[in-house]
Each structure stands twice: as C-alpha cells, then as structure tokens.
Amino acid sequence: MPSVKYFFRVLKGMRFDKLNKMLTVVKEKSGHCKARTFCSMLWCTMRYGAGYYDYVMFGFYDMNGKQRNTYLTRVRNKKVCELMNDYSFAEEFDDKLRFNVRFSKYLKRQTLNGHTCTQEEFDDFLRDKTAFFAKPNHGSCGNGVEKLYVANFKDSAALLEYIRMKKLYIIEESLAQHPDMARLHPDSVNSIRIVTDLVDDVIHIAYVMVKMGRGGGCCDNTGQGGVICRVDEKNGRIISVATDDYFNVFDKHPDTGVSFVGYQLPMLDEAISLVKQAALEIPKMRHIGWDVAITPDGPAIIEGNEYPGTDLCQLAPHYPEKCGLWPYYKKLLKL
C-alpha cells in the first residue's frame, strides 16, 4: 500500500480539469455518480497506488478488489522500473541521437544527425529520397515528429535550415512496410511494442501490442490519434479490439476497415528475436519497451523506451478477463 505522504502528494498535484473529465467518462460508461467515483478513486490511490487515469484506463469502476489488485498501477510500475533499470544509463534511450549510434545495427535504415551534419552529408542522405522522417532528439508519444517531403522545399539548404530551426535533429530514412502491416494503415509506420525483462540472464516478454495510425497521419502513437491492439506473442495474431486515448473502441480500423481480432501480423518471431538481442546491449537496463517496424525484409527497431508505461498494456478493452500485469512482475522479481 502506498504511503500517506504519496497520497497527499497526489492530491496536491491533482489537475481538477482532467480529474473532472475522467469522472465524466466513468459516469458515461458505468452510470456511477461523480461523488461515488471520486471516493473510489481515492481508495484505489491508497490501496493500489492507482492514479485517476489508471482508474479509468484499466476499468477499475467495473472491478472488485481482487481484480484491481492484479494491475500494474503507476506506483507499482515506478517500483518495477527502479528495481530493474539503472537510470544512470537512461540517456542511452532518451537521447535519440545516442540511441541511433548505440543500436545502429538493429535499425535497418539510414540515419543522420541533423544538428552536426554538413550540407554535403545531408545532400548525400537525400540522394534518391522523396521523403523522410525528422524528429526532436528528446520526446515521447510521437510529439513533434514530421514527415518531410523534399519537393516541398526550394532546395536542400532550405530543408536543412527548416530542420535546424525546428530542432528536428533526428533524421531517418522512411521504412518500407511489410504489406500485411501497411494494410492496417498505409500512411503510418505501424509498429509492434514488445517489452523485454532481463532477469537472471534470461529475457522474458511481458507483453506485445500493435500500434496503428489513423486518418492519414504519419504517426502510430495513440497520443497522435492512433489506435492500439493486444497481440498474442505465441502466434502473432491480434487478440483484442482497438482503443485510443479517448476511450473509443473499434472492432475494425476506422479508415481501412480491417477487422482486428484474428489478424495475422508478419514476422513476430523474428521481431522478438531481434529485441532479445538488443536487450543484452546494456545489461544495467533490464526493463525496456521496444517499438519495432516490420519491413518486407524483416524487423527493424524504431526506438527503445526505458520507462515503459502501463497505459499500453492493460487497457480495459484489451483485458476482458480483468487481470493485469502485477502478478507477472511479482513472480518475476520475487516481490
């Protein structure tokens, strides 16, 4: 059970506009009045270390205590991350320029440092390219990522000036997708999130999800409007409906009409093998969420996340059995 100090810290930092929005969502989904939900949220904060966003994402409003106690809440997730990761190495993941150098053999694409490259190096990168991705060096949830088209700029010097003005220093070749990944949403690079846990020299897979873009957007992150589904790691099939950051649920992709449950993702075994290799690169960082693209020639790592969130892996529409990841980590880490 979290400390009383933590409880009051949560109250102090509470954003009441967001809280009210979450109370409204619960009322719409369950019919519970806001006062009842607020009291239940406070109890779940004290008992399980759950924030009010946890409460809504996981569907705590429709669970008993035994079910709620199986969830990897924000407090428990922080504990797992601190136990498994030495955060003096965090910049190897947070700093995308460093990540691209350290994990270059797993990326399967050309990258460039837009801050330090010469015009000649940039021109060489652009050769035979009509478009590429440019990203901020630090960031999450796809914020700030742009797909830039060479034809939209007067010349390469103007394009490089734009990149530096916007501080989009991560320059990466656009990956071609495997047809079965592109079919989900062709305008974004749809990625597979695989979380690895290194314990006693054995790499365990905590969960697998697939993220897809929407509405012609180039990002697959739910923070940028994308949707996400749960995947069976044993056979690579999607085993849930999709949901987004607004608690909407989809049986089919809203743009392409692809039915989710039963959809076969390509090369998942190869993707898992690749991230297991990458997970050994920095043994002090044992709990990592990898985003992997699937190209026609095989998997390619997009990035690694040293603080995998709980929002991707325990969303209520994905777990109708109402059992979260806490038992997995209690057993794995002997908590």
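Summarised in this report is the structure supplied together with it.

### A few points about the nonpolar core
Side chains that are nonpolar tend, in soluble globular proteins, to be buried together.
Alright, step 1. Counting 39 residues, the largest nonpolar core has Ile192, Ile194, Val210, Leu265, Trp290 and Ile301 as the members making the most contacts within it.
Alright, step 2. Contributions of two or more residues to this core are made by α9 (104–107), β5 (191–199), β6 (202–212), β7 (227–230), α13 (268–278) and β10 (287–295).
Alright, step 3. The element that contributes the greatest number of residues to this core is α13, accounting for six residues.

### Remarks on the sheet that holds strand β2 (residues 131–135)
Alright, step 1. Read across the sheet, four strands follow the order β1-β4-β2-β3 without closing on themselves; strand pairing throughout is antiparallel. The open sheet terminates on both sides in strands that have one partner only, identified here as β1 (111–113) and β3 (146–149). Going across the sheet, the axis of each strand differs from the next one's by a mean of 30 degrees, ignoring polarity.
Alright, step 2. In this sheet, β3 lies alongside β2 in antiparallel orientation, the contact comprising four bridges. Pairing of alanine 131 across the sheet is with tyrosine 149, part of β3.
Alright, step 3. The strands that helix α11 (residues 156–166) touches are β2, β3 and β4 (170–173); relative to β3, the one it contacts most, it runs at about 165 degrees.

### As for the side chain of histidine 287
Alright, step 1. Its location among the elements puts histidine 287 in strand β10.
Alright, step 2. Only 3.5 Å separates the side chain of histidine 287 from the side chain of tyrosine 329, close enough to count as a polar contact.
Alright, step 3. Non-local contacts of histidine 287, meaning those with residues more than four positions away in its chain, are made with Asn77, Val80, Cys81, Met84, Asn85, Val195, Thr196, Asp197, Asn305, Glu306, Pro308 and Tyr329.

### Section: the pairing of β10
Alright, step 1. For β10, a buried count of nine out of nine residues is recorded, marking the element as mostly surrounded by other parts of the structure.
Alright, step 2. Both β5 and β10 contribute to a ladder of seven bridges, which runs antiparallel. Bridge pairing in β10 links arginine 193 to aspartate 291.
Alright, step 3. With seven bridges connecting them, β10 and strand β11 (residues 298–305) associate as antiparallel partners. Counted as the bridge partner of alanine 293 is alanine 300 from β11.
Alright, step 4. Hairpin connection of β10 to β11: two residues between the antiparallel strands.

Conventions we followed
- Residue numbering note: each chain is counted from 1, following its sequence as written.
- Thresholds applied to this predicted model are a pLDDT of at least 70 for local features of residues and 80 or more for the giving and counting of side-chain atom pairs; totals over whole chains, interfaces and linings are not thresholded and use all residues.
- Only hydrogens and water are set aside when side-chain values are computed; all heavy atoms of the structure are taken into account.
- The definition of a nonpolar core used throughout is a set of buried Ala, Val, Leu, Ile, Met, Phe, Trp, Tyr and Cys residues joined through side-chain atoms within 4.5 Å.
- Between buried and exposed lies partly exposed: a residue is buried under 20% and exposed over 50% of the maximum accessible area for its type, with that area taken using a 1.4 Å probe on protein chains only.
- A helix here means a DSSP run of H or I that spans at least four residues, while a strand means a run of E at least two residues long, and both kinds are numbered starting from the N terminus.
- Strand pairing follows a simple DSSP-based rule, namely that at least 2 bridges must link the two strands.
- Each axis is a line fitted through C-alpha atoms, taken for helices only over the stretch in contact, and angles between the N-to-C directions span 0 to 180 degrees.
- Between two residues, a contact is recorded if the distance between any of their heavy atoms is within 4.5 Å.
- Counting of polar contacts relies on pairs of N or O atoms within 3.5 Å, with two restrictions inside protein: one atom must be capable of donating a hydrogen and the other of accepting it, and residues adjacent in sequence are counted only when both atoms are side-chain atoms.

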